[in-house]
Amino acid sequence: MKKAFLFSLALLLCFSAYTPALATADEDSAPYGIVSFSYGMPKVSGTTNQYNPYATAQPALPEQITVGFVLFKIVNGTADYVTSATNSDYGTYITVEDFVNLSSGEYKLHAYYKNSETTRTSDSYYTV
């Protein structure tokens, strides 16, 4: 009787130790919507006025994401359109970029991404 009880207890402990691993092994159990988002407008090295606006989204799991940006020049408080770019793809690294020659002034970079659960936007300002 004591051996049967110890065997059952050992079996129960083994089963409980491996159950969480089995439950999380299924990729569908991981949460969608966790996305790392970065953007910017670095100056292109070796040029006088060329810049590289970009936006990148990196979801934790492959999913459909649209990432993009719109660049405006601020003139007398008004945002004048300069350029934009967008990319929609399925994966874990979606990026979009452009190369632009800019005159001196203040610029606003409006970057965004969209997935099935959310839309995130961010505005950054640059002085050239």
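In this text the structure is predicted, and so the values were computed from the model without any measurement.

Enquirer: I would appreciate a short explanation of the nonpolar core in the present structure.
Expert: Grouped burial of nonpolar side chains is what soluble globular proteins tend to show. Within the largest apolar cluster, 19 residues are counted, with the highest numbers of intra-cluster contacts made by Met41, Val67, Leu71, Leu102 and Tyr113. Of all the secondary structure elements, the ones that give two or more residues to this core are β1 (35-40), β3 (54-59), β4 (63-75), β6 (94-97) and β8 (106-114). Here Leu71 is in contact with Met41, Asp80, Tyr81, Val82, Thr83, Val100, Leu102, Tyr107, Lys108 and Leu109, once residues within four sequence places are set aside.

Enquirer: Please explain the sheet that holds β4 as it appears in this structure.
Expert: Strands belonging to one sheet form pairs held by backbone hydrogen bonds; the direction of such a pair is parallel or antiparallel. With respect to topology, four strands assemble into an open sheet ordered β5-β4-β8-β9, the strand pairing being antiparallel. Each edge of the open sheet is held by one strand with a lone partner, namely β5 (78-91) and β9 (119-127). Neighbour-to-neighbour, the strand axes of the sheet open up by a mean angle of 15°, direction not taken into account. Sheet topology note: the β4/β8 ladder contains nine bridges and is antiparallel. Bridging from a neighbouring strand, Val70 pairs with His110 of β8.

Enquirer: Honestly, the pairing of β8 in this entry has me stumped. Any pointers?
Expert: Regular strands place side chains that alternate from one sheet face to the opposite one. Alignment of β8 against β9, held across nine bridges, turns out to be antiparallel. Across the sheet, the residue bridging to Tyr112 is Thr121, located in β9. Turn length for the β8-β9 hairpin, with the two strands adjacent in sequence and antiparallel, is four residues.

Scoring rules and cut-offs
- Residues numbered from 1 in each chain as written.
- Predicted model: local features only at pLDDT ≥ 70, side-chain atom pairs only at ≥ 80, totals over all residues.
- Heavy atoms only, no water.
- Core = buried A, V, L, I, M, F, W, Y, C linked by side-chain atoms within 4.5 Å.
- Buried < 20%, exposed > 50% of the residue type's maximum accessible area, 1.4 Å probe, protein only.
- Helix = DSSP H or I, 4+ residues; strand = E, 2+ residues; numbered from the N terminus.
- Contact = heavy atoms within 4.5 Å.
- Pairing = 2+ DSSP bridges.
- Axes fitted to C-alpha atoms, helices over the stretch in contact; angles between N-to-C directions.

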